[in-house]
Amino acid sequence: MSARAQIGVTGLAVMGRNLARNFARHGYTVAVHNRSYAKTESLVADHGTDGDFVPSESTADFVASIARPRKIVIMVKAGGPTDAVIDELIPHLEEGDVVIDGGNAHFPDTIRRERKLADLGLHFVGMGVSGGEEGALNGPSIMPGGPKESYATLGPILEDISAKVDGVPCCTWVGPDGAGHFVKMVHNGIEYADMQLIAEAYDLLRHGLDADAAEIGKIFEEWNAGDLESFLIEITADVLQHVDAETGKAFVDVVLDQAEQKGTGRWTVQNALDLGVPITGIAEATFARALSGSVPQREAGRAALASDAGTWDVTDRDAFVEDVRLALYASKVVAYSQGFDQIAAASAESGWGIDRGAMARIWRGGCIIRAKFLNRITEAYERDADLPLLIADPYFADIVGKGLQAWRRVVSQAALNGVPTPAFSSSLAYYDGVRAERLPAALIQAQRDFFGAHTYRRVDKDGTFHTEWSGDRTEHDA
Ligand SMILES: NC(=O)C1=CN([C@@H]2O[C@H](COP(=O)(O)OP(=O)(O)OC[C@H]3O[C@@H](n4cnc5c(N)ncnc54)[C@H](OP(=O)(O)O)[C@@H]3O)[C@@H](O)[C@H]2O)C=CC1
Ligand SMILES: O=C(CO)[C@H](O)[C@H](O)COP(=O)(O)O
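Per an unreviewed UniProt entry, the protein goes by the name 6-phosphogluconate dehydrogenase, decarboxylating and belongs to Luteimicrobium subarcticum. Its UniProt record gives the protein the following Function (unreviewed entry) comment, quoted word for word: "Catalyzes the oxidative decarboxylation of 6-phosphogluconate to ribulose 5-phosphate and CO(2), with concomitant reduction of NADP to NADPH."

In this section: the packing of helix α15 (residues 317-350) against helix α18 (residues 394-402). Viewed as axis vectors pointing N to C, α15 and α18 meet at an angle of 145°, and their least axial separation amounts to 9 Å. Where α15 crosses over α18, the two elements pack in a sense that is left-handed. Contact residues: Y329, A330 and V333 in α15; Y395, F396, I399 and V400 in α18. For the contact of α15 with α18, a count of residues per class yields seven nonpolar, no polar and no charged.

This brings us to the nonpolar core. Core analysis: the biggest nonpolar cluster contains 93 residues, and L205, F220, W223, F340, W363, I377 and W407 have the highest contact counts within it. The element that contributes the greatest number of residues to this core is helix α8 (residues 179-209), accounting for 15 residues. In terms of nonpolar packing, the next biggest core, distinct from the first, is built from 27 residues, L19, V98, M127 and I161 among them.

Neither face of strand β5 (residues 98-101) is exposed, since V98 and I100 on one face and V99 and D101 on the opposite face are all buried. As defined by bridge partners, strand β4 (residues 71-74) adjoins β5 across four bridges and the pair is classed as parallel. Paired with K71 across the bridge in β5 is V98. In the classification by handedness, the crossover that spans β4, the intervening helix α4 (residues 80-89) and the parallel β5 is right-handed. In the sheet, β5 pairs with strand β6 (residues 123-130) via four bridges, with the strands oriented parallel. Residue pairing for β6: D101 is matched across the bridge by G126.

Read across the sheet, seven strands follow the order β3-β2-β1-β4-β5-β6-β7 without closing on themselves; strand pairing throughout is mixed. Looking at strand neighbours, the two that pair on one side only are β3 (53-55) and β7 (141-144), the edges of this open sheet. Neighbour to neighbour, the strand axes of the sheet diverge by 25° on average, direction disregarded. Strand direction decides the pairing type here: strand β2 (residues 30-33) and β3, joined by three bridges, are parallel.

What follows concerns the side chain of D97. With respect to the element layout, D97 can be found in the loop between α4 and β5. Residue class for D97 comes out buried when judged on its relative accessible area of 0%.

For ligand 1, the set of nearby residues contains 20 residues, the closest of which are M15, N34, S36, K39 and V76. For ligand 1, an oxygen atom lies 2.7 Å from a polar atom in the side chain of N34. Between ligand 1 and K39 there is a distance of 2.6 Å, counted from an oxygen atom to a side-chain nitrogen or oxygen. Protein coverage of the free-state accessible area of ligand 1, which is 900 Å², stands at 77%. Broken down by secondary-structure element, the contributors of at least two residues to the shell around ligand 1 are α1 (14-25) and α4. Partitioning the shell around ligand 1 into residue classes produces ten nonpolar, six polar and four charged.

This paragraph deals with the domain arrangement of the protein. Entries for the protein in the domain assignment read domain 1 (7-173), domain 2 (184-435) and domain 3 (440-477). Between the C-alpha centres of domain 1 and domain 3 the distance comes to 56 Å.

Before going further, it helps to spend a moment on the site of ligand 2. Contacts to ligand 2 come from N104, S130, K184, H187, N188, E191, Y192, Q261, K262, R289 and I368. In the model, an oxygen atom of ligand 2 is placed 3.0 Å from a nitrogen or oxygen of the N104 side chain. Side-chain polar atom of N188 to an oxygen atom of ligand 2: 3.1 Å apart, as the coordinates give it. It is α8 that provides the largest number of residues to the shell around ligand 2, a total of five residues.

Turning to the UniProt feature "binding site: substrate" (unreviewed entry) in the protein, a few remarks are in order. The feature "binding site: substrate" (unreviewed entry), as given by UniProt, occupies N104, S130, G131, G132, H187, N188, Y192, K262, R289, R448 and H454 in the numbering adopted here. These annotated residues cover 351 residues of sequence, and their C-alpha atoms reach 48.7 Å apart at the extreme, placing them across more than a single site. Considering the arrangement of structural elements, one finds N104 in the loop between β5 and α5 (107-119). We classify N104 as partly exposed; its relative accessible area is 31%.

Thresholds, definitions, all that
- Residues numbered from 1 in each chain as written.
- Chains lettered and ligands numbered in written order.
- Predicted model: local features only at pLDDT ≥ 70, side-chain atom pairs only at ≥ 80, totals over all residues.
- Heavy atoms only, no water.
- UniProt positions renumbered as here; feature names shortened; annotations may be inferred.
- Axes fitted to C-alpha atoms, helices over the stretch in contact; angles between N-to-C directions.
- Helix = DSSP H or I, 4+ residues; strand = E, 2+ residues; numbered from the N terminus.
- Left-handed = near helix turned anticlockwise from the far one by under 90°.
- Contact = heavy atoms within 4.5 Å.
- Nonpolar A, V, L, I, M, F, W, Y, C, P; charged D, E, K, R; others polar.
- Core = buried A, V, L, I, M, F, W, Y, C linked by side-chain atoms within 4.5 Å.
- Buried < 20%, exposed > 50% of the residue type's maximum accessible area, 1.4 Å probe, protein only.
- Pairing = 2+ DSSP bridges.
- Right-handed = clockwise from strand over helix to strand, strands pointing away.
- Near = heavy atom within 4 Å.
- Polar contact = N/O pair within 3.5 Å; in protein donor to acceptor, adjacent residues only side chain to side chain.
- Areas by Shrake-Rupley, 256 points an atom, 1.4 Å probe, with all protein chains shown as cover.
- Domains from an automatic or database assignment.

Written as structure tokens, this is what we have:
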């Protein structure tokens, strides 16, 4: 077997198969391998004309078919399967080879794997890939981490096959060890928030306008021509206008209303709790999926909980639609702002040095959250790379400020009419919280000191204090 392939891909389900085709279409000779050989055979049989594939049935032959230093992309189910594939590859690899995990790995696993492979003289790159099946084929957004020296040889190939916006590749080196998979995780968390906000906007329009799915689909189509232009708004317009062939009903009306998840949103929230970063939009979106799947609770709630909501009387339909659009935009900015805060906090804690403007730039194309307004986020971080709060950037502060009354109207009307809007409402609460002169957290500190002598600080002098609550109530330095 001659080692002629320039890159290898193992794991040829929807993502790996299309990534391999993308490499081949860009002129690379691609070694391909899958645990079960049928997928390898069908890739070559169905798409052999895409370019130069070198199929192998065994791991040994697969590795031997790749030129050194080898670059091998693993595209399998995240978790145990990734470890199984790495363990199978290791005996065949040689010093300096680069193993790239393009799955949705949890970043602590990536850190562990990189250390293990580094001890063996191998490079390990945890690489986030977004764009789904179509993106993998036509140009995904790629978020590689790992050793920077690996990017010198790997980067040009990845940039070549990535999506391009204004000629700029949607791929850059994110940072060392787990940084690439961390950023992909937060990308997915933002994806959850974005999807939940869109779903809430749809629900508001449905209730407020008493409109059907197709009519709302048209509204989304119009929104997609403005500031909200994005992949998710575009596909929402499409989905809402799709008719179920079997029943003739709107497709969305025949889909069971229980949203599932594979784990990246949950990991994002768990990590934010550890970091102490309030990502309320992402958290509410993750919990909204959980609530939708809480079947016994929902049955009990439907049976026992009263609804006092009246009929929603929207008098000016156009004004209402515009209010929902503005509220959606503002809530979306909050969700992204929170996600970028989380990236900053993790980057500082782990010393990753992640450039948030570059992350917004590589999310402009190829990925699920690609959107026109990511250009604005990139510009905001170009104005100030250390921006402490994205929503406080003058562009976003102005645009959200202009929609503030609309946002308040939408959230309050939703509450009065019994339409749940956890992501819209929590984002508005975050906005009001983060701009507040003074928060009731002072009372919480006093309560903590009362029941547990947990101490507090004062507004008028330095130091830490405790009050003798059960004694004479004198205050002393803690
Ligand atoms: N689908 C999507 O839109 C996206 C997916 N991802 C991530 O990309 C990766 C691949 O996703 P996708 O293409 O959807 O495929 P799946 O996540 O469905 O994984 C299927 C692949 O994993 C292989 N596999 C499973 N278990 C093992 C094992 N123990 N040993 C070896 N191989 C194993 C399968 O091999 P076999 O054929 O033999 O069963 C098959 O090639 C995942 O990590 C996913 O999270 C990232 C972005 C988007
Ligand atoms: O990574 C992706 C896109 O970027 C996947 O589409 C994502 O994994 C879907 O997640 P979930 O199944 O949890 O909704």
